[in-house]
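Residue-level listing of the chains:
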Amino acid sequence: MYRIKVAEKSKNSKGQRPMKGFISTTVLLASFLTVMVNRGQAAIINGSFEQGPTISGDAQFVGAGSTVITGWTVTGHSVEVLGPPWLASDGQRAIDLSGYYAGGIQQSFSTVAGVTYWVTFDLSGNPAGGAQFKTVRVTIDSFQQDYSVDTANQTISTLIWHPIGFSFVASGTSATLSFTSLEGDCYGPLLDDVAVWPVPEPSSSLFAVATLVVFTAMHCCRRLVTWWPTRTGRNYSSPPFAAKAG
Ligand SMILES: [Ca+2]
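Engineer: What should I look at first to understand the confidence of the model for the protein in this one?
Structural biologist: Parts of the prediction with low pLDDT should not have their coordinates interpreted in detail. Confidence along the protein averages 78 in pLDDT terms, with 65% of residues attaining 70 or more. Segment residues 1-38 is flagged for pLDDT under 50; beyond a separation of four residues in sequence, or across chains, it makes 55 contacts in the model.

Engineer: It is not clear to me how the nonpolar core should be interpreted in this structure. Could you clarify?
Structural biologist: As a rule of thumb, soluble globular proteins bury nonpolar side chains together. In terms of nonpolar packing, the biggest core is built from 33 residues, with Ile69, Ile105, Phe121, Leu177 and Phe179 touching the most fellow members. Counting residues per element, the ones that place at least two in this core are strand S4 (78-82), strand S6 (103-110), strand S7 (116-125), strand S8 (133-140), strand S9 (143-150), strand S10 (162-169), strand S11 (174-181) and strand S12 (189-198). With 4 residues, the top contributor of residues to this core is S7. The contacts of Phe179, once residues within four sequence positions are left out, are Trp72, Leu97, Gly103, Gly104, Ile105, Phe121, Val136, Arg137, Val138, Leu191 and Val194. The next biggest cluster of nonpolar side chains, apart from the first, holds 8 residues, and it includes Ala59, Leu82, Trp86 and Ala88.

Engineer: Is there a simple way to think about the coordination of the calcium ion in this case?
Structural biologist: Any two of four tetrahedral donors ideally make an angle of 109.5 degrees at the metal, while pairs among six octahedral donors ideally make 90 or 180 degrees. Distances from the calcium ion to its protein donors, Ser48 (O), Ser48 (OG), Glu50 (OE), Asp90 (O), Arg93 (O), Asp192 (OD) and Asp192 (OD), fall within 2.2 to 2.8 Å. Sequence positions of the donors to the calcium ion reduce to the motif S-x1-E-x39-D-x2-R-x98-D. With a gap of 102 residues between them, Asp90 in the loop between S4 and strand S5 (94-96) and Asp192 in strand S12 connect regions that are remote in the sequence. The exposure class of Asp192 is buried, given its relative accessible area of 0%.

Engineer: Is there a simple way to think about the sheet that holds strand S3 (residues 73-76) in this case?
Structural biologist: Hydrogen bonds along the backbone pair up the strands of a sheet, which may run parallel or antiparallel. One open sheet accounts for 5 strands, arranged S3-S6-S11-S8-S9; its pairing is antiparallel. Since the sheet does not close on itself, it has two edges, and those belong to S3 and S9, each with one partner. Strand-to-strand twist of the sheet, defined as the mean angle between neighbouring strand axes without regard to direction, takes the value 25°.

Engineer: Any chance you could explain the sheet that holds S10 here in plain terms?
Structural biologist: Taken in spatial order, the 6 strands line up as S2-S4-S5-S12-S7-S10 in an open sheet, and their pairing is antiparallel. Only two strands of the sheet have a single neighbouring strand rather than two, namely strand S2 (59-63) and S10. The average undirected angle you get between the axes of adjacent strands in this sheet is 30°. Relative to S10, S7 runs antiparallel, the two being bridged by 8 bridges. Across the sheet, the residue bridging to Val119 is Phe166, located in S10.

What counts, and at which threshold
Residues numbered from 1 in each chain as written. Predicted model: local features only at pLDDT ≥ 70, side-chain atom pairs only at ≥ 80, totals over all residues. Heavy atoms only, no water. pLDDT = per-residue confidence, 0-100. Contact = heavy atoms within 4.5 Å. Core = buried A, V, L, I, M, F, W, Y, C linked by side-chain atoms within 4.5 Å. Buried < 20%, exposed > 50% of the residue type's maximum accessible area, 1.4 Å probe, protein only. Helix = DSSP H or I, 4+ residues; strand = E, 2+ residues; numbered from the N terminus. Donors = N, O, S within 2.8 Å, 3.2 Å for Na, K, Ca; no water. Pairing = 2+ DSSP bridges. Axes fitted to C-alpha atoms, helices over the stretch in contact; angles between N-to-C directions.

What follows is the structure, given as structure tokens:
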């Protein structure tokens with residue numbers, strides 16, 4: 001997830017900002033977002049787990065079947081909602097997918113059949129005990145994959161988060177995304193910042209690129225367009241699939 005920053009280069013001789021450039025930028029972004037919405041924007045609720053139960057201490061156990069974590073249903077045995085001093089990858093909270101024993105979470109969302117969707121999330125592991133490598137099983141529609149992460153040389157406040165992503169083609173009007181711990185003890189894989197969105201069709205991408213080229217040609221001397229990732233403070237040194245299990 002990236003944000004777009006449009007920086008004003010300067011004001012005109014009357015001290016006014018160039019509204020024409022602003023309008024062009026607005027049209028560009030609105031056009032691209034309209035394309036995305038028309039493609040069926042997926043809506044994962046509370047993907048960062050910031051909305052949920054009151055945390056007693058630094059972690060809160062949540063049992064199977066509970067929906068107290070907004071948007072999500074707990075599966076397996078239990079999970080744990082983590083708060084400071086645990087280092088979340090986004091915001092203040094994350095999930096340990098092994099509560100007392102192996103657990104999981106799942107959420108269903110609307111899809112458009114035939115559309116390709118990207119699923120991204122950040123994965124780490126509880127370094128306080130158990131196996132050095134923590135494994136999570138991710139399923140959605142016919143997709144299933146296990147991912148493992150190394151917890152060596154970390155503490156709960158110095159966790160290393162690995163961004164992971166994959167795509168799937170929706171087969172119906174809804175899909176269920178599930179994360180399941182494969183760690184039987186209370187030291188499970190850690191999860192944060194889950195997101196799902198449709199991949200634009202090639203024609204839509206070309207439209208967005210063409211619009212961007214025209215926009216840049218018209219206003220390159222008046223505006224600076226900079227992009228920067230919002231996920232500061234994370235470990236992006238490893239490729240997204242570096243944690244992929246065999
Ligand atoms: Ca979070």
